[in-house]
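Inside the fold
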Amino acid sequence: MENIYESSRLLDEYLLFHYGSLDEALSDNGISYPLSMKEAWGFPSRTARGFSKSKVDRGLDLGCSVGASTFAMAENCREVIGIDYSHSFIAAAERLRNGHQIPYQRIDEGHVTTLLHASLKLDFEIKNIIFEQGDAHHLREDLGTFDRVHAANLLCRLSNPNLLLERFPSLLRDGGELLIATPCTWLENFTPSIHWPSGSTLDWLKSHLWKSFDLARTWDEPFLIRETARKFQWSTSQVSLWRRKA
Ligand SMILES: C[S@@+](CC[C@H](N)C(=O)[O-])C[C@H]1O[C@@H](n2cnc3c(N)ncnc32)[C@H](O)[C@@H]1O
């Protein structure tokens with residue numbers, strides 16, 4: 001099956017989602033957008049700031065897409081690895097890391113687009129950030145262990161999320177933090193229903209993770225993906241923060 005995350009439409013959509021300003025996403029074109037839409041903007045860097053504030057050694061961003069969460073994690077991690085299955089998303093993240101601007105099209109109406117540019121605007125130095133293409137089902141064995149692992153809106157895009165849940169304990173150092181965000185949109189297109197949770201997604205996570213992790217807290221995090229000036233995906237992810245038991 002074709003991977004939608006390799007399409008130019010989704011690359012443009014995710015460049016706007018990760019790097020577009022509020023004005024670029026909800027530009028003043030006579031449409032009056034509700035405040036709740038504006039508040040939902042900035043999801044990729046907001047979830048990455050859901051960890052505790054201390055400085056740590058290593059972070060991992062799984063399903064990093066075009067990289068905004070990975071860059072945000074680098075503020076408090078000495079080294080961060082961002083991994084995504086999409087070659088085109090990883091290539092874009094890598095170009096941004098190298099200081100390039102990326103032109104992309106924002107769709108205003110079905111037939112009308114505006115040329116925008118994605119670039120990094122960070123107020124800290126970026127170093128020790130690695131982007132690599134990889135499969136969250138079969139992460140390479142020599143990745144090592146991490147103080148922070150971020151997996152935002154990834155689980156319900158995997159064909160077998162159980163494989164990643166089984167891998168989490170060996171990715172986290174004792175006391176390390178695992179942040180999972182999910183809108184719980186289980187879809188056959190991505191995940192065969194035999195691998196869906198039988199009850200609530202949070203109960204399913206607890207049943208898989210309780211042996212190795214304490215659940216520190218949960219909260220809701222809204223996000224907004226712009227399709228056109230008049231059509232958006234407004235969703236709320238359930239975020240859970242887990243601490244690796246010693
Ligand atoms: C819904 S997007 C979320 C992206 C990003 N974390 C965010 O919050 O904007 C899902 C991402 O997971 C990636 N993905 C899908 N299957 C994957 C896999 N098996 N391994 C790694 N990444 C995968 C997709 O390429 C896409 O970037």
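The structure we're discussing is the one just above.
Read on for an overview of the structure.

Here is what the cut-offs are and how they apply
Per chain, residue numbering runs from 1 following the sequence as it is written. In keeping with the model being predicted, local features are shown solely for residues with a pLDDT of at least 70 and side-chain atom pairs are shown and tallied solely at 80 or more, while totals for entire chains, interfaces and linings include all residues. Put simply, DSSP H or I for four residues or longer makes a helix, DSSP E for two residues or longer makes a strand, and each gets a number counted from the N terminus. We compute the radius of gyration from the C-alpha atoms alone; for a globule the expected value is 2.2 Å times N to the 0.38, where N is the number of residues. Whether a residue is buried, exposed or partly exposed follows from its count of other C-beta atoms within 10 Å of its own C-beta, namely 20 or more, 12 or fewer, or something in between, respectively; the C-beta atoms are built from the backbone. By the criterion used throughout, residues are in contact when their C-beta atoms, derived from the backbone, lie within 7 Å. When buried Ala, Val, Leu, Ile, Met, Phe, Trp, Tyr and Cys residues are joined through C-beta atoms within 7 Å, the set is termed a nonpolar core. Near residues are defined by distance alone, with the backbone-placed C-beta atom required to lie within 6 Å of the molecule or strand. For this classification, Asp, Glu, Lys and Arg are treated as charged, while Ala, Val, Leu, Ile, Met, Phe, Trp, Tyr, Cys and Pro are nonpolar and the rest, including Gly, are polar. Strands qualify as paired when DSSP identifies two bridges or more between them. Only the stretch in contact is used when a helix axis is fitted, and all axes are lines through C-alpha atoms; the angle between N-to-C directions ranges over 0 to 180 degrees. Summarising the geometry, the arc corresponds to the directions from the helix axis toward the C-beta atoms.

What about the overall build of the chain?
Secondary structure assignment for the chain yields 8 helices and 9 strands. Compactness check: the chain gives a C-alpha radius of gyration of 18 Å against a globular reference of 18 Å for 246 residues, within 12% of the reference. For the chain, the C-alpha atoms occupy an extent of roughly 55 × 40 × 35 Å along the three principal directions. Looking at the chain as a whole, 36% of its 246 residues are labelled buried. Contacts spanning at least 24 positions in sequence make up 69% of the contacts within the chain whose residues lie at least 6 apart.

Observations concerning the nonpolar core
Across soluble globular proteins, nonpolar side chains have a tendency to be buried as a group. Ranked by size, the top nonpolar core spans 52 residues in total, and within it Leu15, Leu62, Ala93, Val149 and Leu178 carry the most contacts. Looking at this core element by element, the count peaks at 6 residues for helix α1 (residues 8–19). Not counting residues up to four positions away in its chain, the partners in contact with Leu178 are Val149, Phe168, Leu172, Phe213, Trp242 and Arg244.

With respect to unusual backbone geometry
One non-glycine residue, Ser65, lies in the positive phi region at around 55°. When you line up the elements, Ser65 lands in the loop between β1 (56–62) and α5 (68–73). Overall, the presence of 27 C-beta atoms within 10 Å leaves Ser65 in the buried class.

Describing the site of the ligand
As a structural note, the neighbourhood of the ligand is formed by 19 residues, with Tyr5, Gly63, Ser65, Tyr85 and Ala136 the closest of them. Residue classes in the shell around the ligand are distributed as 10 nonpolar, 6 polar and 3 charged.

Digging into the sheet that holds strand β6 (residues 146–152)
Ordered in space as β5-β2-β1-β6-β7-β9-β8, the 7 strands form an open sheet in which the pairing is mixed. In this open sheet, the two edge strands, each paired with only one partner strand, are β5 (129–133) and β8 (213–228). With direction set aside, neighbouring strand axes in the sheet form an average angle of 15°. Where β1 meets β6, 4 bridges bridge the pair, whose relative direction is parallel. Bridging across to β6, Gly59 finds its partner in Arg148. The strands that helix α6 (residues 87–97) touches are β2 (77–84) and β5; relative to β5, the one it contacts most, it runs at about 160°. Set on the sheet, helix α7 (residues 161–171) makes contact with β1, β6 and β7 (172–182); between it and β7 the angle comes to about 145°.

Some details on the environment of Pro169
Mapped onto the secondary structure, Pro169 falls in helix α7. Each C-alpha atom of the pair Pro169 and Leu209 lies 8.1 Å from the other, and the pair is 40 residues apart in sequence.

Section: α7
Within the sequence span of α7, burial applies to Pro161, Leu164 and Phe168. The buried residues of α7 all sit within an arc of 60° when viewed along its axis, so they share a single face. Of the exposed residues in α7, the ones pointing more than 90 degrees away from its buried face are Glu166 and Ser170. Those residues of α7 that are buried lie in contact with β6, β7 and α8 (201–209).

Describing α8
Thr201, Leu205 and Leu209 are the residues of α8 that are buried. Each buried residue of α8 sits inside an arc of 55° when the element is viewed along its axis, so together they form one side. On its buried face, α8 is in contact with α7, β7, β8 and β9 (231–244).

Description of the pairing of strand β4 (residues 112–118)
Here 7 bridges tie strand β3 (residues 102–109) to β4, and the two strands are oriented antiparallel to one another. Each bridged residue has a counterpart across the sheet, and for Tyr104 the counterpart in β4 is Leu116. Where β3 folds back onto β4 in an antiparallel hairpin, the turn is made up of 2 residues.

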